[in-house]
Amino acid sequence: MARELLVCPSCGDARPPHERFCPRCGMPLVRRGAGEFEASERQRTARKIKPQYAEGEPTRVVGARNQVEAEFIQNLLLEEGIPSLQRRARGFDVPDFLAAGPREILVPVSGVLAAREVLLQSELLPEQSVSQWGPTAWRVLACLLAGLVLLAILVWLHG
């Protein structure tokens, strides 16, 4: 029995069954005659994903305060063709409040830069601001303060 060819729903090109995406337009391939039925939500979502953003290990790009915010961020990313998934932030697992609690949004490594760009444009990802008081300055200040406290104790003891 011959293996059935896949076709692109956008441009109509026939492709071998081992391919997933059309090399011309990037659409997910379907079986011939598959356009006769209504696509499921999962299939409509898969058609939005750009293959160049779907490669590599999932990497955290941003956190969300709750499930609703996480789904909003995922939809923003999907509109740009970037696949994502959400997971509960570590250390926050309260079954009574399933929709509550922080979430992490993860995207494949190939889509991290594009996802951060989308989130920066949407003002959902804070820009890396350069503070004049970096971590090193605070450590120096803390050491100076500790030294002054020790000096005051020594003066008081030998006073």
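Predicted model, so just to flag it, every value in this text is computed and none were measured.

Conventions used here
- Residues numbered from 1 in each chain as written.
- Predicted model: local features only at pLDDT ≥ 70, side-chain atom pairs only at ≥ 80, totals over all residues.
- Heavy atoms only, no water.
- Buried < 20%, exposed > 50% of the residue type's maximum accessible area, 1.4 Å probe, protein only.
- Helix = DSSP H or I, 4+ residues; strand = E, 2+ residues; numbered from the N terminus.
- Arc of directions from axis to C-beta.
- Contact = heavy atoms within 4.5 Å.
- Pairing = 2+ DSSP bridges.
- Axes fitted to C-alpha atoms, helices over the stretch in contact; angles between N-to-C directions.

## Points about helix 3 (residues 112-121)
Argument step 1. Among the residues of helix 3, V112, A114, A115, V118 and L119 are the ones counted as buried. One face of helix 3 carries all of its buried residues, which in axial projection span an arc of 165°. For helix 3, the exposed residues lying more than 90 degrees away from the buried face are L113 and Q121.
Argument step 2. Among the structural elements, strand 4 (58-64), helix 2 (67-79) and strand 6 (103-108) are those in contact with the buried residues of helix 3.
Argument step 3. Of the residues flanking the end of helix 3, it is E123, one or two places downstream, whose phi is positive at about 60°.

## A closer look at the sheet that holds strand 4
Strand pairs in the sheet, formed through backbone hydrogen bonds, run parallel or antiparallel to each other.
Argument step 1. An order of 4-6-5 is seen for the 3 strands of this open sheet, with the pairing classed as antiparallel. A strand with exactly one partner marks an edge of an open sheet, and here the two such strands are strand 4 and strand 5 (85-88). Averaged over neighbouring strand pairs, the angle between their axes works out to 35° when direction is ignored.
Argument step 2. Alignment of strand 5 against strand 6, held across 4 bridges, turns out to be antiparallel.

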